[in-house]
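# A closer look at the structure
Chain by chain, the residues run as shown.
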Amino acid sequence: MSELNQKKSVPLWIQIIVWVCLAGLLVLVASILSKRQQGALKTGDAVPDFSMTLFNGYEFEGKNEIQFSDFSGKIVVLNFWASWCKPCEQEASELQEAYAFYNGDVIFLGADYVDTEPEARTYLKKFQITYPNGPDMGTKISQMFRITGVPETYFIDQQGVVYYVKVGPFISLDEIKNIIEQKLK
Amino acid sequence: MFVEFGYGVLVVSLIVTLYSGITAFLGVRKKSTSLIESARRAQLLSFPLISISSLTLIFLLVNNHFEVTFVYEVTSLSMPTYLKITAWWGGQAGSMLFWSWLLASFTSLVTLRKWDRDIEFLPWVIVVSAITLAFFLFMIIFFENPFSRYWLVSGNVVESMFKPTTTATIFTPENGRGLNPLLRHPGMIIHPPMLYLGFVSFVIPYAFAIAALITGRTDDRWTRITRRWTLWAWLFLSFGLVLGGRWAYDVLGWGGYWGWDPVEIAAFMPWLTGTAFLHSVMIQEKRGMLKQWNMVLIILTYALVIFGTFLTRSGVLSSVHAFANSPIGPYFMGFVSATFIASIALLIWRWPLLRSETEMKSILSREALFLLNNLIFISILVVCFWGVIYPLVSELVTGFKVTVGPPYYERATAPLFSALLFLMAIAPFSAWGHSTMQTLGKALWKSILASFVLTVSLFFVYSTNLYALTGFFLISLVIFATLQEFYRGALARQKTKNENFFSALSNLMRRNRRRYGGYIIHISMALMAIGILGIELFQQETQGTVAQGESLNIGEYRVEYRELASWDVRSDGVNYTRAVVDVYENGIYLGQLYPRIDYFFDAEQTMTIPGQRSTFRDDLYILLVDWKSVSNSGATFKIYVNPLVNWLWIGSLVFLVGIIFAAWPDKEMEPVRVKSSAKQTSAAD
Amino acid sequence: MKNYASRITHHLLRIAHYALLLTILFTAISFQFAYAQEDTPTDDEVNEVASQLYCPVCENRPLDTCPTQACHQWRELIRTQLAQGMTEEEIKQYFVDNYGDRVLAEPPRTGLNWLVYILPPAIILLAAILALQKFSGMDKAAENRINYKRDKKRSFIRIY
């Protein structure tokens, strides 16, 4: 390139600007791409703290709001669902049964992903779900977990680290239990 | 057996392509004509090879070989044969093979031409297209293999090209998933290949541009050789876009044809730079100016073609059109970056050689107006590019998604499109080199007056909307001014050549195909603008639930619900629910329309097909939204009145006429250069 | 005998006929009544709001045209909210709070989002200024033209 870099060639400062802009653009697109390819929060990722206001009639230790950091030391099963999601219905009763089975030793949470409240309530009532459930306001939690769809369930260990991600509905109660037993002492 | 054969042929074609690229490069280095000839032959071989591989895939598709993953994903037993063939480009892997096949055929057409004094371009054209083709073949062979199969490995179904374990057996599903019903529409069958044709043909002018940069030939040979390629590329791309719009209008059921969806924009962006290129190339040919700019445009067009393909195929964008998440993203990214960086580096290296031979003298000269037109196209590109990228940037930086939708694009592009219309009207009247306000005004005042009168009368009889009136003024100005230009030219010829007016007109047009084809395209654009203006500013809609015998009113129309029937057609795998409505306009019975909902069992997907009544004035567009299945007494309809939208489709037909006229092989023009350009075109046929 | 039987069936049919008519009439009246009482917002009013919102789960689909069950639910939600007397702005805000900024057709004009509105005009303006400079320098450039012509002649460098 240098052989022709005489008086008339592109001034150096313009060349620098061009290359910097180009590099910036490429880095931008590349980082977008790499973020997109990350997909859901992976096994081994620590879960950042979040809070969720529960639906009326649901509570956790007397409060209408949960704070994720309060759960440390316990296994947390965080399930994303929606009333319009057909596959979610397949696993709804199993999750409730699992919740009843562990009776407080394992925290079960339901985050209702983009939904309308009346339908969500009908859904919860239909499957007699009693574990804490709340709307994912502003899709903040689901975006934090980068969920790929519903249903999707995150198993978080006592240290607040994701140790299993289930995409799609559970087939049986045993499937849920097996995953929990891996980490339950 | 077929599967291994198809795959094997594909691998061979990759090797052949790599060989041709490398040999061409070595041929230049060692100044060896025989090496270059060998590269050329290898290049020519890639086309039949990829054709054989594609035919194998089509054979598998038509004969329901569901053990092949791709066949399983895009076909099903109930699909008719022609759809099974077109399913070739219905999925990611197949459409990439289709892309490669097109590229191989185009490159072969180019290498077959008589090179004569352009022989120095040949090896570099081969290198550039071989790199592109090899990249696509590489992606197909290693990541998006249309020949990979299902295998049964200890009870689990695994996807693999070859036997994954020694005990594995081939697994054949009983039926395929079937092509996405939205893609079974005739418009959708032609729309993707049109777009691909457009995309791929732009690779050829790009290859020549790069060849010109490398060899340092700074005259306009490369643009002259690729002129028709560019026109055809532009034709296919434009028509692909229009067909996509028509498909959306007929099938997607939202009363519109263009939703500023990121994937639509991804195809629109190369069109913008391509259009700018088409215009500015003329300045290079006529005035020896804007050489650097033309290089920038063709490089951008190529980069945007690949970038658009990357955006839609890597899972970076998700939309109705996008293919599912795929591992090819990073490779595409790498390829776009590498080619773009290399092109820019070459351009900067050769920048001094590409200086203009003449300087611009006047702001109203035709070349200045062309440059202005180019800047507007690039402005639209900036708006579009940022609109597509910003949601991704936001997600990256803040972690939250946002939508950049139609209001943004419409607000930003409407003044730019208006400015384009204005330029379209005045540019033909400005002279090369130098023009003044006086000369322009002298030539244009009749058209301006006519448009003004028309606009004022529209104010009284049609609409008082200021935007609409501005739009109509510009549109009529384009049409009047362009017609005046035809008239002026024919009149002048009539006098000098002593012909009658019509033969003068036809001779004039045939002797300047590109120019007058371009004018026809300008008129078509104005006609399309009428449709866009109508639907953007005057669209009316209403929705309501009515019982049988009741009506909905919209504008001057009354739509009365007669009856509804629902039935299965097992052979198609579809349930049809069809409503019958009577349409009245100001109390006069016009006829019946049949909006319907198709439910596809295999894909578990519905399609809302509107009942449409099109006239030059407006479209009545009725959608069946919902119905009460038990009592069968009430149904919900959504009705749109889309004024003037038909002009969009009329305009696109005129457009087709114009561009075919412009691109038509012509032996009369440019007697000196006719040899090479005519031969090149006959190769194109 | 046959005649008699047929007459009975005839009567029965007639009674059934009237009964059916009455039921239809009654349901129709009560239906209309209920309609009038609740003052349900019309589909058009609902669509007016929905068209300004984007479906939170599907990509790039305005809420008024999206055919899925979920979108249907959201439209019904808008209807309920309109019936409760919420304004258009309040409903939009409700959607933003619940489903995030992505339900708006354009990003809200806050923080980083300003880039959407500022960057393209800024670039276009910059290009326009550069172009204007070029144009305004046209006459001055005329005198240099002779020099360029001299350069032009050696611009054919061939590598191959």
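Because the structure is predicted, anything quoted here is derived from the model rather than measured.

With that settled, the discussion passes to the overall build of chain B. Within chain B one finds 20 helices and 13 strands. The C-alpha radius of gyration computed for chain B amounts to 27 Å, which stays within 12% of the reference 26 Å derived for 685 residues, consistent with globular compactness. With the C-alpha coordinates aligned to their principal axes, the bounding extent of chain B is approximately 80 × 75 × 55 Å. Every one of the 685 residues in chain B was classed for burial, and the buried ones make up 63%. Contacts in chain B between residues at least 24 apart in sequence constitute 70% of all its contacts with a sequence separation of at least 6. When the accessible surface of chain B is summed, it comes to about 26000 Å², and 65% of that surface belongs to carbon and sulfur atoms.

The next point concerns the domain arrangement of chain B. Residue and element names in this part refer to chain B. When its domains are assigned, chain B resolves into domain 1 (1–179), domain 2 (184–377), domain 3 (409–532) and domain 4 (538–646). Between the C-alpha centres of domain 2 and domain 4 the distance comes to 40 Å. Of the residues lining the interface, nine residues belong to domain 2; the matching set on domain 4 comes to 14 residues. Taking both partners together, domain 2 and domain 4 bury about 900 Å²; carbon and sulfur atoms supply 45% of that area.

Below, the discussion takes up the nonpolar core. Within the largest apolar cluster, 191 residues are counted, with the highest numbers of intra-cluster contacts made by B:Trp99, B:Phe121, B:Phe208, B:Trp222 and B:Phe307. Residue contributions to this core peak at 15 residues, all from helix H13 (residues 366–397) of chain B. In this view, B:Phe121 contacts B:Trp115, B:Phe208, B:Ala211, B:Ala212, B:Thr215, B:Arg217, B:Arg221, B:Trp222 and B:Ile225; residues no more than four positions away in its chain are not counted. Among the nonpolar cores identified, the runner-up in size contains 69 residues, and A:Phe68, A:Val76, A:Leu109 and C:Ala50 belong to it.

Tallied over the entire structure, the rule returns 37 salt bridges over all chains. Linking B:Arg287 and B:Glu367 is a salt bridge whose minimum nitrogen-to-oxygen distance equals 3.3 Å. With B:Arg287 in helix H10 (residues 262–287) and B:Glu367 in helix H13, this pair connects stretches of sequence that are 80 residues apart. A salt bridge links C:Arg79 to C:Asp43, with the shortest nitrogen-to-oxygen separation between them at 2.7 Å. Of this pair, C:Arg79 sits in helix H3 (residues 69–83) while C:Asp43 sits in helix H2 (residues 43–50), and the two are 36 residues apart along the sequence.

This brings us to the sheet that holds strand S1 (residues 149–153) of chain B. Read from one edge of the open sheet, three strands run S2-S1-S3 (chain B), paired in antiparallel fashion. In the strand order of this sheet, the two ends are held by strand S2 (156–160) and strand S3 (169–170) of chain B, each with one partner.

With that settled, consider the side chain of B:Ser32. Residues and elements named next belong to chain B. Secondary-structure assignment places Ser32 in the loop between helix H1 (2–29) and helix H2 (33–62). In this structure Ser32 comes out as buried when scored by relative accessible area, which is 16%. Side chain to side chain, Ser32 and Ser34 meet in a polar contact 3.1 Å long.

So, about the pairing of strand S12 (residues 618–627) of chain B. All names here are of chain B. Judged by how many residues are buried, S12 sits mostly within the fold: seven of 10 residues are covered. Pairing of strand S11 (residues 611–614) with S12 involves four bridges; the strand directions are antiparallel. Counted as the bridge partner of Gln612 is Tyr621 from S12. Hairpin connection from S11 to S12: three residues lie between these consecutive antiparallel strands. Direction of pairing for S12 relative to strand S13 (residues 634–643): antiparallel, over a ladder of nine bridges.

Within the structure shown, the criterion is met by two disulfides over all chains. Disulfide pairing is shown between A:Cys85 and A:Cys88; the S-S distance is 2.1 Å. Residues A:Cys85 and A:Cys88 share a disulfide whose torsion about the S-S bond is about 95°; that sign makes it right-handed. The exposure class of A:Cys85 is buried, given its relative accessible area of 4%. Residue pairing for C:Cys66: its cysteine sulfur links by disulfide to C:Cys71, the two sulfurs lying 2.0 Å apart.

This part covers the sheet that holds S12(B). All names here are of chain B. Strand order in the open sheet formed by four strands is S4-S13-S12-S11, and the pairing between neighbours is antiparallel. The sheet is open, and its two borders are formed by strand S4 (540–547) and S11, each paired with just one other strand. The average angle at which neighbouring strand axes cross in this sheet is 15°, direction not considered. Examined bridge by bridge, S4 and S13 share eight bridges and lie antiparallel to one another. Following the sheet pairing, Gln543 is matched in S13 by Lys638.

On the side of chain C, 41 residues touch chain B, which itself brings 59 residues to the contact. Carbon and sulfur atoms supply 62% of the area that chain B and chain C bury against each other, a total of about 4500 Å² over both sides. Across the pair B:Lys638 and C:Asp64 runs a salt bridge, and its minimum N-O distance is 3.7 Å. On inspection of chain B and its partner chain C, the count reaches 14 residue pairs in polar contact (both at pLDDT 80 or more). Those elements giving two or more residues to the side of chain B that touches chain C turn out to be helix H8 (203–215), helix H12 (329–350), H13, helix H14 (406–426), S4 and S13 of chain B. A per-element tally of the side of chain B that touches chain C places H13(B) first, with 11 residues. Looking at the side of chain B that touches chain C residue by residue, the class counts come to 27 nonpolar, 17 polar and 15 charged.

Glancing now at the side chain of A:Asp136. Mapping A:Asp136 onto the fold places it in the loop between strand S5 (133–135) and helix H4 (140–145). For the buried A:Asp136, which has no salt bridge, the nearest side chain bearing the opposite charge is A:Lys140, at an N-O separation of 8.1 Å. What A:Asp136 contacts, discounting residues up to four positions off in sequence, is A:Phe80, A:Asp112, A:Tyr113, A:Ile141, A:Ser142 and C:Asn98.

Attention now moves to the packing of H2(B) against helix H5 (residues 92–111) of chain B. All names here are of chain B. Interhelical geometry of H2 versus H5 gives an angle of 150° and a closest axis separation of 9 Å. Seen along the crossing, H2 lies across H5 with a hand that is left-handed. Facing H2, whose interface residues are Arg40, Gln43, Leu44, Ser46, Phe47, Ile50, Ser51, Ser54 and Leu57, H5 presents Gly94, Leu97, Ser100, Trp101, Ala104, Ser105, Thr107, Ser108 and Thr111. Split by residue class, the contact of H2 with H5 holds seven nonpolar, 10 polar and one charged.

The rules we used
- Residues numbered from 1 in each chain as written.
- Chains lettered and ligands numbered in written order.
- Predicted model: local features only at pLDDT ≥ 70, side-chain atom pairs only at ≥ 80, totals over all residues.
- Heavy atoms only, no water.
- Helix = DSSP H or I, 4+ residues; strand = E, 2+ residues; numbered from the N terminus.
- Rg over C-alpha atoms; globule rule 2.2 N^0.38 Å.
- Buried < 20%, exposed > 50% of the residue type's maximum accessible area, 1.4 Å probe, protein only.
- Contact = heavy atoms within 4.5 Å.
- Areas by Shrake-Rupley, 256 points an atom, 1.4 Å probe, with all protein chains shown as cover.
- Domains from an automatic or database assignment.
- Buried area = accessible area lost by both parts, 1.4 Å probe.
- Core = buried A, V, L, I, M, F, W, Y, C linked by side-chain atoms within 4.5 Å.
- Salt bridge = Lys/Arg side-chain N within 4 Å of Asp/Glu carboxyl O.
- Pairing = 2+ DSSP bridges.
- Polar contact = N/O pair within 3.5 Å; in protein donor to acceptor, adjacent residues only side chain to side chain.
- Disulfide = S-S within 2.5 Å.
- Axes fitted to C-alpha atoms, helices over the stretch in contact; angles between N-to-C directions.
- Nonpolar A, V, L, I, M, F, W, Y, C, P; charged D, E, K, R; others polar.
- Lys, Arg positive; Asp, Glu negative; His and termini not counted.
- Left-handed = near helix turned anticlockwise from the far one by under 90°.

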